[in-house]
Structures are given as C-alpha cells and as structure tokens.
Amino acid sequence: MKLRNFLSRIGFVILAVGDLIFAYAVTGTLLAIPVTAVLLLIGMAVSFFLSLMTLQARPLSQCRSVDANRLTRNFNTIKQKLQNNGKRCPHIKLYISNSLSRNAFSLGNRIILTKGMMQENDMVLQAVLIHELGHTLHYDSYFSCILQFNIICFTGLFLLSEFGVLLFIGVLLFFVFCIAFGGFAAITITGLFTKIVRGFCNLFLKLAIMLHHFFAAFLFRQQEYAADALTVPLGCSTAMKYFLEDLEQSEPVQLNFTEQLLSDHPNNYARIAKLEQAEADQTTQIM
C-alpha cells in the first residue's frame, strides 16, 4: 500500500523534476527549465480540456437539478466522512457526462461521472466518488500526463540523435570507403551500413516504447488499487465490491495475455480481492 501511494503521490514530482534536469542537460541553458515547466503545464491543461470536450462533460450548474442535487448531496456525505477520518477534502469541481456507460473519471481537481453511473444507488455512487477522489488526492492524472510526456520527449530526442549520428558516421564512412574502394563501392557500402544501423535503432525504439507502455500500465493499475483502498476506511468498500462484480458480470471484457499487460485497469475480480485484503488489514489493526 505504501509503495502504491508513493508511486502515485511522489512519482509525478520525480518525473517532472527529471524532465527539467533532462532539458537543462540537453540544451545547456537554464532557460530550458522554465520553458519545459511551462510546456508541462500547458500540456496538462490541454489534455484535461480535450478530455472534458471528448466526454461532453458539463458542470453541475448546467445539468438537471435532480442529478446535480443528488450528486452534491452524496459528495457532501463523502466530505464529512473524510473529516471524520481526519483528512481534508480538496476543492473539487463535479461534472456529469452525457455518456450512458457506467464510468467515472478524475482530471486534476475535476471528477466526472457519466449519466449511466448516475443510475446507480447512492452507496455505489459514493463508493465511485471516493475512488475518483483517491485519484485526485494521489495526483494520478498529473502523473499520467507527465508519464506520457516523457515518452514523447524520449522519442523525439532519440530520432534527432539517430539522424545526427547516422549523418556523421555516414559521411565519415563514405570518405573512408572512397579512399579504400572508390566512389561506387563507397556509396553501396555506406548505404548498406546506414540501413543496418537504422534498423537496429528502430528496433531499439520500438522495444523502448513497448517497455514504457508495460511500465505505464503497471503503474496505472497500482493507482487503481490505491484509489479503491480509500473506500475501506470510509465505509464504502462493500458497495465498491458490489459495483465491480456487477460490472464484471454485466459487461465482461475478454483480454488476451498481452492486452492484460497493457491494460491500465486491473481485472475487476483482482480489485475485489485487493479490497478484501485491505478490509482484513483494517480489521487486524483495529483488533
């Protein structure tokens, strides 16, 4: 549990600082640090905005009063539960999406529930809200954005470096082979060599991106477990387990082994097992 919380809360800070140091190391100028910081902030803001637009999410002031009042009432109940557990609830903006699927999302300090989710009873609604609040408390959405930004930066820098290295080596080999074998042979050998090197570079880049996807998916699954765990001390873990089991039975998703490794959400039954373990741990601590 502590490891998951560390990865969720501190991981995005480590990634952000790493990006700033990396930008300075590559450019050699301190100006790269504020520029990179601004780009990170803009990237996160754009990502959140596009997500809200894609989800067609509307703030409660623009939603049906019945749904808005019900969501507000349940969220106020959660805030009270947090206070009773000695935790402070951050300022949260609530949205409702037009989607009929049963889902919810956390984007920074925004929590979005779909119309389909609003059909659930109040206990399930509170459990899902707590789960999304867990993502907010752990800064998961920021972590996810910066993690994606890292692979984009790595890919761009790698391709730029590959071009520079191939150009330098290609020109150097061309002159060497010209002296040794003549112009036509130099062109042929240099072209063959650069193709081989480019092939290895492309293979390395694909493997690096694949490993990044596996690593990111693993971290995202840990975030889900950590967000689920918040429902235990707030007394909504039973409702969360009920919702996950109902979701698994009514909307089953069959994934092969590779898809499971790349999935950013764990299997629902695995999440239920983790919740039961967290409940048992809490009972042991109380006793």
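This text follows the structure it describes.
The structure contained in this document is the topic of the report that follows.

About the thresholds
Residues numbered from 1 in each chain as written. Predicted model: local features only at pLDDT ≥ 70, side-chain atom pairs only at ≥ 80, totals over all residues. Heavy atoms only, no water. 1 Å grid on protein atoms, 1.4 Å probe; cavity = no way out; pocket = protein on both sides within 12 Å on 5 of 7 lines; lining within 4 Å. Points joined across faces, edges and corners; volume = space filled by probe spheres on them. Helix = DSSP H or I, 4+ residues; strand = E, 2+ residues; numbered from the N terminus. Nonpolar A, V, L, I, M, F, W, Y, C, P; charged D, E, K, R; others polar. Phe/Tyr/Trp six-rings, centres within 6.5 Å; stacked < 30°, edge-to-face > 60°. Buried < 20%, exposed > 50% of the residue type's maximum accessible area, 1.4 Å probe, protein only. Pairing = 2+ DSSP bridges. Polar contact = N/O pair within 3.5 Å; in protein donor to acceptor, adjacent residues only side chain to side chain. Contact = heavy atoms within 4.5 Å. Axes fitted to C-alpha atoms, helices over the stretch in contact; angles between N-to-C directions. Parallel < 35°, antiparallel > 145°, perpendicular 65-115°, else oblique.

## Some details on the layout of surface pockets
Here the idea is plain: a probe the size of a water molecule rolls over the atoms and shows the empty space left. Roughly 1,300 Å³ of volume is contained in the largest pocket. In terms of lining, the largest pocket is formed by 41 residues, of which the most central are Asn103, Glu224, Asp264, His265 and Arg271. Residue assignment for the lining of the largest pocket shows that the elements contributing at least two residues are helix H3 (32–55), strand S3 (104–107), helix H5 (122–137), helix H6 (140–181), helix H7 (183–229), helix H8 (237–250) and helix H10 (268–286). The residue inventory of the lining of the largest pocket, partitioned by class, reads 16 nonpolar, 16 polar and nine charged.

## What to know about the packing of aromatic side chains
Remark: the centre distance and the inter-plane angle together describe each pair of aromatic rings, the angle taken between the planes. Enumeration over the complete set of coordinates arrives at two aromatic pairs. On the basis of an interplanar angle of 65 degrees and a centroid distance of 5.7 Å, the ring pair of Phe48 and Tyr142 is categorised as edge-to-face. One end of the pair, Phe48, is in helix H3; the other, Tyr142, is in helix H6, with 94 residues separating them in the sequence. What makes Phe48 buried here is its relative accessible area of 8%. The class of Tyr142 is partly exposed, set by a relative accessible area of 24%. An aromatic cluster is present here, built from Phe48, Tyr139 and Tyr142 joined pairwise through their rings.

## Let's talk about the pairing of S3
For S3 and strand S4 (residues 110–114), the ladder comprises four bridges, and the chain directions are antiparallel. Of the residues in S4, the one forming a bridge with Leu107 is Arg110. Between S3 and the antiparallel strand that follows it, S4, lie two residues; Gly108 among them carries a positive phi value of about 65 degrees.

## What to know about the side chain of Thr155
With respect to the secondary-structure elements, Thr155 resides in helix H6. Of note is the side chain of Thr155, whose polar atom sits 2.8 Å from the backbone oxygen of Ile151. Ignoring any residue separated from it by four or fewer positions in sequence, one finds Thr155 in contact with Leu205 and Ile209.

## Details of the pairing of strand S2 (residues 93–97)
Taken across its five residues, S2 has four buried, putting it largely inside the fold. As paired elements, strand S1 (residues 57–59) and S2 share three bridges and run antiparallel to each other. Within S2, the position partnered with Ala57 by the bridge is Ser97. As defined by bridge partners, S2 adjoins S4 across five bridges and the pair is classed as parallel. By the bridge assignment, Ser97 is partnered in S4 with Thr114.

## Describing the packing of H5 against H8
Between H5 and H8, whose axes approach to 8 Å, the crossing angle comes to 95 degrees. By the angle between their directions, the pair H5 and H8 is classed as roughly perpendicular. Of the residues in H8, those touching H5 at Met123, Val124, Ala127, Val128 and His131 are Ala239, Met240, Tyr242 and Phe243. For the contact of H5 with H8, a count of residues per class yields eight nonpolar, one polar and no charged.

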